[in-house]
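# Structural overview for review
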Amino acid sequence: SPITIERVHRALYSTNYWLSDEDDAPKKIYNFDFIFPTPHTRYLDFYSRLIEAIKHSYNAQPVNARFHRVEAFNPNALAKKLIQIGTDTDGIAFAAYEHPTVRKAVDDLVAKGIGVTTLVSDISSTNRTAYVGINNRAAGRTAGLLMGRFLGKETSGKVGLFLGSHADLGHEER
């Protein structure tokens, strides 16, 4: 109905999701930074392409998504990159690495009012804004349950476990 359409339009304008044509005020460009480890993987490259596509669909404000790469499993390089980016960003999302220097960098950024989100793997004991990823403990329990079902009750023996790194909280939780 026309009344419902009007309500939706008012809600979109009031939240700045959809700005009116008359709005000629200069718009702030929001800088959001994403840090992924090297080497490239299909999974993280997919994230990059998806973020690039999404930024063009956001109408309310101009968004500048910037991508950075750091050496995998190098906490000092990651912490240095977080602090470097933190001088000119509105938010950072990154694949976390469990290490004191990374935790300190995250807390320093949050203290400056910068939103910090962990992707894929979380980080403990920080004030990060959010975590986006699967519940790794539940994934590990599910894998164990499935292994037990596939092996059967009459099977006995040893099971090999492969762990990428204890410093990757997602690997450890799974």
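Report on the accompanying structure.

Across its full length, the protein holds six helices and five strands. A buried classification covers 30% of the 174 residues belonging to the protein. As displayed, the protein offers around 11600 Å² of accessible surface, 57% of which is attributable to carbon and sulfur atoms.

Each neighbour pair has its own omega, and for Thr 38 with Pro 39 the value is 5°, a cis peptide bond. When you line up the elements, Pro 39 lands in the loop between β1 (30-38) and α2 (42-55). At Phe 73, a residue that is not glycine, the phi angle is positive and equals roughly 60°. Residue placement: Phe 73 occurs in the loop between β2 (63-71) and α3 (75-85). A relative accessible area of 45% means that Phe 73 is categorised as partly exposed.

Within the largest apolar cluster, 17 residues are counted, with the highest numbers of intra-cluster contacts made by Ile 35, Leu 78, Leu 82, Ile 92, Phe 94 and Val 102. Of all the elements in the fold, those that place two or more residues in this core are α3, β3 (91-94) and α4 (100-111). In contact with Ile 92, not counting residues within four places along its chain, are Asp 33, Ile 35, Leu 82, Ile 85, Gly 86, Leu 109, Ile 114, Gly 115, Val 116 and Thr 117.

A cluster of nonpolar side chains, namely Phe 46, Leu 50 and Ile 54, defines an oily patch on the protein surface of about 280 Å² accessible area. Turning to its location among the elements, Ile 54 is positioned in helix α2.

A separate point is the packing of α3 against α4. Two elements in contact, α3 and α4, have axes separated by 8 Å at closest approach and are oriented at 10°. Classed by the angle they form, the pair α3 and α4 counts as roughly parallel. Every residue of α4 that contacts α3 at Pro 75, Asn 76, Leu 78, Ala 79, Leu 82 and Ile 83 is listed here: Thr 101, Val 102, Ala 105, Val 106, Asp 108 and Leu 109. Residue classes in the contact of α3 with α4 are distributed as nine nonpolar, two polar and one charged.

About the cut-offs
Residues numbered from 1 in each chain as written. Predicted model: local features only at pLDDT ≥ 70, side-chain atom pairs only at ≥ 80, totals over all residues. Heavy atoms only, no water. Helix = DSSP H or I, 4+ residues; strand = E, 2+ residues; numbered from the N terminus. Buried < 20%, exposed > 50% of the residue type's maximum accessible area, 1.4 Å probe, protein only. Areas by Shrake-Rupley, 256 points an atom, 1.4 Å probe, with all protein chains shown as cover. Core = buried A, V, L, I, M, F, W, Y, C linked by side-chain atoms within 4.5 Å. Contact = heavy atoms within 4.5 Å. Patch = residues over 30% accessible without salt bridge, like charges linked within 9 Å, V, L, I, M, F, W, Y side chains within 5 Å. Salt bridge = Lys/Arg side-chain N within 4 Å of Asp/Glu carboxyl O. Axes fitted to C-alpha atoms, helices over the stretch in contact; angles between N-to-C directions. Parallel < 35°, antiparallel > 145°, perpendicular 65-115°, else oblique. Nonpolar A, V, L, I, M, F, W, Y, C, P; charged D, E, K, R; others polar.

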